[in-house]
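Coordinate analysis (summary)
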Number of protein chains: 2
Amino acid sequence: MKIFSDREPIVALASPWGESAIAVLRISGEGSHSLLERVFKGSKKPVNVPGHTLVRGTLCGAGTNQSIDDVLLAVYKSPASYTGEEAAEIFCHGSLAVIKAALELLTVNGFRPANPGEFTLRAFMNKKMDLTRAEAVNEIIRSRTDKARALALNRLNGSIETQINEIKDRVTTMVSALEVQLDYPEEETENDFDFIKEAGDAKQRIERLLSTYSAGRIIQEGISMVLAGRTNAGKSTLFNLLVKEDRAIVSDVHGTTRDYIEGAISVEGIPVRLFDTAGLRISEEPLEREGMKRTRNLISGASILIYIVDATQGLTTEDEEFMARYRDKVKIIIVYNKIDVHPEGCPENGVPVSALSGKGLDLLNKTIVMTAIGTSAPDASEAVIDSIRQKECLSNAGRGLDDFMEGIKGHMPLDVLAVCLKDTVDALGELTGEVTSEEILEKMFSKFCVGK
Amino acid sequence: MKIFSDREPIVALASPWGESAIAVLRISGEGSHSLLERVFKGSKKPVNVPGHTLVRGTLCGAGTNQSIDDVLLAVYKSPASYTGEEAAEIFCHGSLAVIKAALELLTVNGFRPANPGEFTLRAFMNKKMDLTRAEAVNEIIRSRTDKARALALNRLNGSIETQINEIKDRVTTMVSALEVQLDYPEEETENDFDFIKEAGDAKQRIERLLSTYSAGRIIQEGISMVLAGRTNAGKSTLFNLLVKEDRAIVSDVHGTTRDYIEGAISVEGIPVRLFDTAGLRISEEPLEREGMKRTRNLISGASILIYIVDATQGLTTEDEEFMARYRDKVKIIIVYNKIDVHPEGCPENGVPVSALSGKGLDLLNKTIVMTAIGTSAPDASEAVIDSIRQKECLSNAGRGLDDFMEGIKGHMPLDVLAVCLKDTVDALGELTGEVTSEEILEKMFSKFCVGK
């Protein structure tokens, strides 16, 4: 791969592959406007169209004059484009036949099919955005709740980059101060530079960002949650309540039918796949045993098990036995249902709920969030990281500061101390992509969708 | 419904509902640019952006300043837009969360969710296109093969409209000539106007268009075709050959698994859903009988049954019995397979094929086309109709001409003859939408996708 130097014209479908009113084909790369002349016949030649302007025309084969579709062409000039390069978008009819024919026509005429994330990679290479923003592009596309979208948009607008650059500036200032002492060891240090305090402050800011990781990750990726309990405890009523109250965004494309019910909901911004299982019953009947086996598999793969107890009956031995079996495998929230009928029926360790009236739902939601991320959900305006790459860079940056502070206490030589701080600067530079390797870029952008 | 007068701002997602790089929200209607000011913050106000120009900005709630996404806004001025009205497109990240939040924001701020086909309906109402072109918009989106796409594009570019207008002009000239005779009955007719010849020519052109309907319909809608035959006749080899040779465009969204194999192929431009069935065998085993029942259901719903006979064994009584059962229900093509081994094994009424070597595939494809549409496939540049509405209008127009010619022969009064011709003119006007009813429009556009 020659991703650092490659500027050849690329093309990709940027809208989903499906029938719709409009489909978008995205184009970028040096010389792409003059290449487009071969396939686009409009009132103006693409090279003569001003930037950020749309022209009508026909997409048709060079020479053959076989028209493929009537289209609109959006022209972007370098560097005022998403990638920073000469770029264009073709808006055609959202027909599978048109998309297929158009992509074929363009690839035959000099446009290479783009790799996943290649447009954003080029935007990064051309310094249109740092790596935290580039990652945010993908995160915003994959976001499944409003909170995830809002947090990703913050990152896209530089919430992480700004903080990282501020921290890096301060650490760089420390390095400079150290170097002055290294270069002029004779001069008495003015002592107006409190290295320990500065390093501690920087470390604290890094820790604060790091602490958002778990919440950020969970809000972006979501969790799965299983409802279980004895028959007639009210599982399905609670399931319906949860699903109806706050249905998350679900694609209507589904796989096969399953013998448990699944719903996608958003619990205070956390995307939750919720599973309602068959009621528990000790049974020797093979079909029921098969159902129980599936329930067990579901629970093993889940983050949270909501175990529903009928408050009018209290916790039975059967309930306790069931939960004991899973206590080590999954976090359990015990819900005491039917408190509308039996308000006193919920002990301290339970969440009192009336699935019928909706009473207690608020507390249940808060308990789910606390159980999932160990804290309340971050505010939509916070800078929150959700990328394991960013987390690792931050950890490395923090480690450099730790080493530095240890070194000062141990009266290490100044040049050794400077190396610790430079490690921190490098780690932060890696986070924003100032310093980076082709390998990291490849790994990161391969997770993107094609056309982005 | 008040579709004739409604110009209020509407919005719809114009790209498919799914994760992708870019999603397109489409907007049209009087005052939509100034409405957009409430939700779009960019370097320029939408009303001040020149037509066919793109501006970057942020989509965010009026007052709240809660940003939803960084977007590009395309502005179109009236009448130079698709609908002819003030219009716009918002290009946002193709995230389900963004799409949902953006649509909510826009509908809260004065944009009504568009009905299916409402943008194209407005384009028609504003005389941007006639009804045959409007129908072509939908047909191009739904097209599943290159041929279907090309024929729809012809219609979009006016291939039907032009022909209809030419015929209508000629019939209108006849009406005028008749009226001259009506108004000045004393004057000797100059007899330089051959009504019979003119009407005959017009009728012939209408007949020619009408004759394309069956082919057009089949190329647009496709057919389903079932492979059947005794075990080891080579069904699966032929299935693979057909599917591999010319795989049609298939969405990768699929339903449930079935116990027969299904493939989507294109046979000379006809989209064909091809089904491979379990081999036939008389069996009392319940599971096999169930399989046979499904095969029967498949065949009952199919247009063509390809029955495969092993040429080395010839037609057996079992084969004959099976085909006899379906002869009245479906068109049958008998394929004699394995002619590579037994070249003489195919009688006159069969198609000789070697599924292994691919020999005979060309003849098989031609036979399929002939069987499906009764003629060879139309050329991509032909004017071909595929809409039942257009077919009905054409039939009515033809009937008017027939009545007229009968009337001349029967020496009917001139005013009666004029009425026949006017019926033809009206039917043709209805076809292009010059004369039309709200009911017809509603019915037609309700088949469109939202956003178009």
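Because the structure is predicted, anything quoted here is derived from the model rather than measured.

Calculation rules
Residues numbered from 1 in each chain as written. Chains lettered and ligands numbered in written order. Predicted model: local features only at pLDDT ≥ 70, side-chain atom pairs only at ≥ 80, totals over all residues. Heavy atoms only, no water. Helix = DSSP H or I, 4+ residues; strand = E, 2+ residues; numbered from the N terminus. Rg over C-alpha atoms; globule rule 2.2 N^0.38 Å. Buried < 20%, exposed > 50% of the residue type's maximum accessible area, 1.4 Å probe, protein only. Contact = heavy atoms within 4.5 Å. Pairing = 2+ DSSP bridges. Axes fitted to C-alpha atoms, helices over the stretch in contact; angles between N-to-C directions. Parallel < 35°, antiparallel > 145°, perpendicular 65-115°, else oblique. Left-handed = near helix turned anticlockwise from the far one by under 90°. Nonpolar A, V, L, I, M, F, W, Y, C, P; charged D, E, K, R; others polar. Phe/Tyr/Trp six-rings, centres within 6.5 Å; stacked < 30°, edge-to-face > 60°. Salt bridge = Lys/Arg side-chain N within 4 Å of Asp/Glu carboxyl O. Least-squares fit on C-alpha atoms with pLDDT ≥ 70 in both. pLDDT = per-residue confidence, 0-100. Patch = residues over 30% accessible without salt bridge, like charges linked within 9 Å, V, L, I, M, F, W, Y side chains within 5 Å. Areas by Shrake-Rupley, 256 points an atom, 1.4 Å probe, with all protein chains shown as cover. Lys, Arg positive; Asp, Glu negative; His and termini not counted. Charge placed at Lys NZ, Arg CZ, Asp CG, Glu CD. Buried area = accessible area lost by both parts, 1.4 Å probe.

The secondary structure content of chain A amounts to 15 helices and 13 strands. The C-alpha atoms of chain A give 28 Å as radius of gyration, which overshoots the globular expectation for 452 residues (22 Å, by more than 25%). The C-alpha extent of chain A, read off along each of the three principal axes, is 80 × 75 × 35 Å. Looking at chain A residue by residue over its 452 residues, the buried ones come to 53%. Across chain A, contacts joining residues at least 24 apart in sequence account for 69% of those joining residues at least 6 apart.

This brings us to the sheet that holds strand 9 (residues 261–267) of chain A. All names here are of chain A. Here 6 strands make up an open sheet; going across it, the order is 9-10-8-11-12-13 and the pairing mixed. The open sheet has two edge strands with one neighbour each: strand 9 and strand 13 (351–352). Here strand 9 runs beside strand 10 (residues 270–276); their pairing, made up of 7 bridges, is antiparallel. Within strand 10, the residue paired with G263 across the bridge is L274.

As a further point, take the packing of helix 13 (residues 388–409) of chain B against helix 14 (residues 414–432) of chain B. Residue and element names in this part refer to chain B. Contact geometry for helix 13 and helix 14: axes closest at 8 Å, N-to-C directions at 165 degrees. With respect to each other, helix 13 and helix 14 are oriented roughly antiparallel. The handedness of the crossing between helix 13 and helix 14 comes out as left-handed. From helix 13, R389, Q390, C393, L394, N396, A397, G400, L401, D403, F404, G407 and I408 reach across to helix 14, where they touch L417, C420, L421, T424, A427, L428, E430 and L431. For the contact of helix 13 with helix 14, the class distribution of residues is 12 nonpolar, 5 polar and 3 charged.

Residues and elements named next belong to chain A. This structure, assessed with the given rule, holds 9 aromatic pairs over all chains. A centroid spacing of 5.9 Å and a plane angle of 65 degrees characterise the contact between F195 and F404, whose relative ring orientation is edge-to-face. A residue pair is termed long-range when its members are at least 10 positions apart, and F195 in helix 7 (residues 195–211) and F404 in helix 13 (residues 388–409) qualify at 209 residues. When sorted by exposure, F195 lands in the same class as F404, which is buried.

A separate point is the pattern of salt bridges. Enumeration according to the criterion identifies 60 salt bridges over all chains in this entry. Notably, a salt bridge pairs D310 of chain A with K338 of chain A, separated by 2.8 Å at the nearest N-O pair. Note that D310 of chain A is positioned in strand 11 (residues 304–310) and K338 of chain A in the loop between strand 12 (331–337) and strand 13, a separation of 28 residues in sequence. The exposure class assigned to D310 of chain A is buried, which follows from its relative accessible area of 8%. Put simply, D402 of chain B and K203 of chain B hold a salt bridge, and the shortest N to O gap is 3.1 Å. Taken together, the positions of D402 of chain B in helix 13 and K203 of chain B in helix 7 (residues 195–211) put the pair 199 residues apart, joining distant regions of the chain. Classification of K203 of chain B as buried rests on a relative accessible area of 15%. Among the ionic contacts, a cluster of salt bridges with common partners joins D6, E8, E85, R112, E118 and R122 of chain A.

Rotating chain A by 180 degrees about the axis while translating it 0.1 Å along that axis superimposes it on chain B, leaving an RMSD of 0.1 Å. The relationship between the two copies is best expressed as a two-fold rotation axis. Relative to the rotation axis, the closest C-alpha in chain A is found at T53 of chain A, a distance of 2.2 Å. Comparing contact sets, 100% of the residues at the interface of chain A also lie at the interface in chain B, consistent with an isologous, same-surface contact.

Mean pLDDT over chain A: 89, with 91% of residues reaching 70 or higher. Scored below 50 in pLDDT, residues 246–258 of chain A shows 21 contacts in the model against residues more than four places distant or in partner chains.

Residues and elements named next belong to chain A. On the surface, K293, R296, R325 and K329 cluster together into a patch of positive charge. Tracing the backbone shows R296 in helix 10 (residues 286–300). Judged by relative accessible area, which is 33%, R296 ranks as partly exposed.

Mapped onto the fold, T424 of chain B is located in helix 14. Setting aside its immediate chain neighbours within four residues, T424 of chain B contacts V171, A397, G400 and L401 of chain B.

All names here are of chain A. Negative charge collects at one region of the surface, where D403, E406, D423 and D426 lie side by side. Contributing elements (two or more residues each) for the negative patch: helix 13 and helix 14 (414–432). Assessed through its relative accessible area of 43%, D426 is described here as partly exposed.

So, on to the interface of chain A and chain B. Interfaces are often sized by the amount of accessible area the parts lose when they come together. Contacts between chain A and chain B engage 54 residues on the former and 54 residues on the latter. Overall, the association of chain A and chain B removes approximately 4,500 Å² of surface from exposure, summing both partners, and the carbon and sulfur fraction of that is 63%. Across the contact surface, chain A and chain B share 2 salt bridges. The partner of E19 of chain A in a salt bridge is R142 of chain B, with the nearest N and O atoms 3.1 Å apart.

Moving on to unusual backbone geometry. For the peptide bond that leads from S78 of chain A to P79 of chain A, omega is 0 degrees, which places it in the cis range. Within the secondary structure, P79 of chain A sits in the loop between strand 5 (67–76) and strand 6 (87–94). We note that N232 of chain B has phi near 70 degrees; this positive angle belongs to a residue other than glycine. On the basis of relative accessibility, which here comes to 67%, the residue N232 of chain B falls in the exposed class. Phi angles above zero are rare outside glycine, and H411 of chain B is one such case at about 55 degrees. For H411 of chain B, the position within the fold is in the loop between helix 13 and helix 14. Relative accessible area serves as the criterion here: at 70%, H411 of chain B is assigned to the exposed category.

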